[in-house]
Amino acid sequence: MKHLLTILCGIFLFVSSTVFAQNKVTLSGDLGKHTINKHIYGHFAEHLGKCIYGGLYVGENNTKIPNKDGVRMDVVNALKKMKIPNLRWPGGCFADTYQWKDGIGPKANRPKIVNVWWGNVTEDNSFGTHDFLNMCELIGPEPYLAGNVGSGTVKDLADWVQYVNFKGVSPMSDLRAKNGRENPWKVRYWGVGNEAWGCGGNMKPDYYANIYRQSATFMNASFENNERLFRIASGASDNDYNWTETLMREIPHNMLEGIAMHHYSVIDWKQKGPSTTFTEELYFKTMKEALLMDELVKRHSTIMDKYDPAKKVALVVDEWGGWYDVEPSTNPGFLFQQNTMRDAVLAGATLNIFHKYCERVRMANLAQVVNVLQSVILTNEEKMILTPTYHVLEMYNVHQDATMLPVEVQSNDYTFGNEKLPAISVSASRDKNGAVHVSLVNIDPNKAQEITINVTGVNASGVTGRILTSAKVQDYNTFENPNKIQPAAFSGASLKNNTLTVKLPPVSVVVLELK
Ligand code: AHR
């Protein structure tokens, strides 16, 4: 009997070690052709809940929270460190109700309106165009303005372009100077409406294509030195491939620089599930939705390739992230949710997908930057915390504007019930100094994953790294314990004779540097 048990144990150990050994990756350091555009690391700030008011902006007269012109400095410094490359504003759904002229001039004179999309709260317009664009100058990201196409006029939009971009004498640049800003800000990125198929006007794709053509015609005339604006068409929801097909077919490509696409990782719009006390079943479903991004990007790109084989028009995933039920006893219209290790692996795996398709995906915006949905920062009065998602974005910023190095990944399965997902996800790039970075994610909450990476075309003798992980996938940072989850030095990787061996703990994100 004892003998039999020893044999069975031996068989078990052999089988489990073979299972571990299945993760195989090849990294071709000599085949890098395409750049990972830093703009896929973009963010999104909407007039929604406490994203702007309380999150980014606390008012010029606030004496409790250190601020510059009302913008809180703790958030400014954190976003700078994360290297935020662009910031989309003022919505979302709010954008197609926003009259930009309400948000300029003396603050006391600005009209108070109702934010009909997000909780019917009063919007006093104290944070407007100057506040946003000056804040971008303070932090560093390029601004991305979402124009009101759903309820605004073509002239309003053309005026906004002229107001922020025109240097010479014109009605709008004169008004800008009168409001305290002589020089234009030079805003390159412009959204032509948002979710035109839904909150942006419930339009059909053919109709929106015409509206786009009309709006875009009047949006280019005023930019300095004939520089071209980067105009982004309101794009498809998830797998609405007909939307992308229609826009690519009906809009001349010399008036279209990008087409958007939105995909949230939501398990069920009616019952999204809690942000922290979720079961493994809900976790699995969220990750399934997150990994769907690969198929969505691939299929939208294939349609775009048909009309634009040279890949001149960018696919812009300008809303993505996890979306759960709001925190108990918070305003349902404010979309405030906590952020756990689930969100960290979701972010890492999604960014790896964007890297893979970087030739076409050249911009993306995580929703949203502070206090709304999958935020990188949460605030509570004078307190601020960095979420696990923040740490992933900060660790991954080494990939910004680096050359993507192709990887082939053969992954173990992460199984739940009868379903399975790839447990690991990997991407790699070489930066302008020649350093190679490899990002790895293990979404399996139960098993560590050992990965063997065959590296070619990389002249390196050592490896260092950082890891983000925690005991449970439900773990998160709180205002009381803000550093429960933070990056740590990683010692689980070794490089020998072009073979990189890595052991990833359950639910972990690792970024390695090969030197
Ligand atoms: O990010 C929240 C909302 O989600 C945005 O306002 C809208 O564009 C999307 O439906």
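**Topic: the overall build of the protein chain**
- When helices and strands are tallied, the protein chain shows 10 helices and 27 strands.
- Compactness check: the protein chain gives a C-alpha radius of gyration of 24 Å against a globular reference of 24 Å for 515 residues, within 12% of the reference.
- By its C-alpha atoms, the protein chain is 90 × 50 × 45 Å across when sized along the principal axes.
- Taken over 515 residues, the protein chain has a buried fraction of 56%.

**Description of the confidence of the model for the protein chain**
- Residues with a pLDDT of 70 or more make up 95% of the protein chain, whose mean pLDDT is 95.
- Low pLDDT, under 50, characterises residues 4–20; the stretch is placed with 4 contacts to residues that sit more than four places away or in other chains.

**Focus on a nonpolar patch on the surface**
- A cluster of nonpolar side chains, namely V114, V116 and W117, defines an oily patch on the protein surface of about 270 Å² accessible area.
- Positionally, W117 belongs in the loop between β6 (113–115) and β7 (121–123).
- Classification of W117 by relative accessible area gives partly exposed; the value is 35%.

**Looking at the packing of aromatic side chains**
- Taken as a whole and assessed by the stated rule, the structure comprises 22 aromatic pairs.
- A ring pair is formed by W89 and F127, whose centres lie 6.1 Å apart and whose planes are at 75°; its orientation type is edge-to-face. Here F127 lies in the loop between β7 and α3 (129–139) and W89 lies in strand β5 (residues 86–89), a separation of 38 residues in the sequence. Judged on exposure class, the residue W89 and its partner F127 are both buried.
- Between F94 and Y98 the ring centres are 5.5 Å apart and the planes differ by 35°, which places this aromatic pair in the tilted class. Comparing F94 with Y98, the two get one shared label, buried.
- A network of ring pairs unites the aromatic residues Y53, Y57, W89, F94, Y98, W100, F127, F132, W160, Y163 and W190 as a single cluster.
- Positioned above the aromatic ring of F44 is the side chain of R88, whose terminal nitrogen or guanidinium carbon lies 4.6 Å from the ring centre.

**Focus on helix α4 (residues 154–165)**
- Helix length check: α4, at 12 residues, gives a terminal C-alpha distance of 17 Å against a target of 16 Å (1.5 Å per residue), a fit within 8%.
- Taking burial as the measure, the 12 residues of α4 include 9 buried ones, the bulk of the element.
- For α4, the set of buried residues is L157, A158, D159, W160, V161, Q162, Y163, V164 and N165.
- Buried-residue contacts for α4 involve β5, α3, β8 (142–147), α5 (171–178), β9 (189–192) and α6 (205–217).

**A few points about α6**
- Spanning 13 residues, α6 covers 18 Å between terminal C-alpha atoms, matching the ideal 18 Å at 1.5 Å per step.
- Looking at the packing, one finds that the buried side of α6 touches α4, β9, β10 (230–237) and α7 (241–250).

**Comments concerning the sheet that holds strand β13 (residues 361–367)**
- Here we have 8 strands rolled up into a closed barrel, ordered β2-β5-β8-β9-β10-β11-β12-β13, and parallel in their pairing. Along the sheet, successive strands turn relative to each other by an average axial angle of 30°, direction set aside.
- Bridging between strand β12 (residues 314–322) and β13 involves 4 bridges; their strand directions are parallel. If you follow V316 over to β13, its bridge partner there is M363.

**A word on the site of the ligand**
- Around the ligand sit F44, E46, G92, C93, W118, N194, E195, Y264, E319, W323, Q368 and L373, and that is every residue in its neighbourhood.
- At a separation of 2.9 Å, an oxygen atom of the ligand approaches a polar backbone atom of C93.
- Within the side chain of Y264, an N or O atom sits 2.8 Å from an oxygen atom of the ligand.
- Burial of the ligand by the surrounding chains reaches 93%, relative to a free accessible area of 280 Å².

**Quick look at unusual backbone geometry**
- Residue P90 is bonded to the preceding W89 through a cis peptide linkage, with omega at 5°.
- Residue placement: P90 occurs in the loop between β5 and β6.
- For the bond running from A367 to Q368, omega is -10°, close enough to zero to count as cis.
- Along the chain, the position of Q368 falls in the loop between β13 and β14 (377–380).
- Positive phi, close to 65°, is recorded for K186, a residue that is not glycine.
- Here K186 is to be found in the loop between α5 and β9.
- Assessed through its relative accessible area of 43%, K186 is described here as partly exposed.
- With a phi angle near 65°, N498 is a residue other than glycine that sits in the positive phi range.
- Assignment of secondary structure puts N498 in the loop between β25 (493–496) and β26 (499–504).
- Here N498 falls in the partly exposed class, since its relative accessible area comes to 41%.

**Remarks on the pairing of strand β21 (residues 436–442)**
- In terms of burial, β21 is largely enclosed, as 7 of its 7 residues are buried.
- Covered by surrounding structure in β21 are V436, V438, L440 and N442 together with H437, S439 and V441, the residues of both alternating faces.
- Strand direction decides the pairing type here: strand β20 (residues 424–430) and β21, joined by 7 bridges, are antiparallel. Counted as the bridge partner of R430 is V436 from β21.
- Where β20 folds back on β21, the antiparallel hairpin that results is connected by 5 residues, among which G434 adopts a positive phi of roughly 95°.

**What to know about the environment of A310**
- You can see A310 is positioned in the loop between α8 (280–307) and β12.
- In this structure the C-alpha to C-alpha distance between A310 and R360, which are 50 residues apart in sequence, comes to 9.8 Å.

**Remarks on the side chain of Q400**
- Tracing the chain through its elements places Q400 in the loop between α10 (388–396) and β16 (403–405).
- Overall, Q400 belongs to the buried group, its relative accessible area being 16%.
- If near-sequence neighbours (up to four positions away) are discounted, Q400 is found in contact with I36, K38, Y41, M82, K83 and P85.

**Points about the state of the cysteines**
- Counted under the stated rule, the structure contains 1 disulfide.
- Paired by a disulfide, C93 and C199 hold their sulfur atoms 2.2 Å apart. Looking along the S-S bond of the C93-C199 disulfide, the torsion reads about -85°, which is the left-handed sense. Of this pair, C93 sits in the loop between β5 and β6 while C199 sits in the loop between β9 and α6, placing them 106 residues apart in sequence.
- We note that C136 lacks a disulfide partner, and the nearest cysteine sulfur, in C51, lies 12 Å from it.
- Relative accessible area serves as the criterion here: at 4%, C136 is assigned to the buried category.

Criteria and cut-off values
Residues numbered from 1 in each chain as written. Predicted model: local features only at pLDDT ≥ 70, side-chain atom pairs only at ≥ 80, totals over all residues. Heavy atoms only, no water. Helix = DSSP H or I, 4+ residues; strand = E, 2+ residues; numbered from the N terminus. Rg over C-alpha atoms; globule rule 2.2 N^0.38 Å. Buried < 20%, exposed > 50% of the residue type's maximum accessible area, 1.4 Å probe, protein only. pLDDT = per-residue confidence, 0-100. Contact = heavy atoms within 4.5 Å. Patch = residues over 30% accessible without salt bridge, like charges linked within 9 Å, V, L, I, M, F, W, Y side chains within 5 Å. Areas by Shrake-Rupley, 256 points an atom, 1.4 Å probe, with all protein chains shown as cover. Salt bridge = Lys/Arg side-chain N within 4 Å of Asp/Glu carboxyl O. Phe/Tyr/Trp six-rings, centres within 6.5 Å; stacked < 30°, edge-to-face > 60°. Lys NZ or Arg CZ within 6 Å of the ring centre and 35° of its normal. Expected span 1.5 Å × (residues − 1). Pairing = 2+ DSSP bridges. Axes fitted to C-alpha atoms, helices over the stretch in contact; angles between N-to-C directions. Near = heavy atom within 4 Å. Polar contact = N/O pair within 3.5 Å; in protein donor to acceptor, adjacent residues only side chain to side chain. Disulfide = S-S within 2.5 Å.

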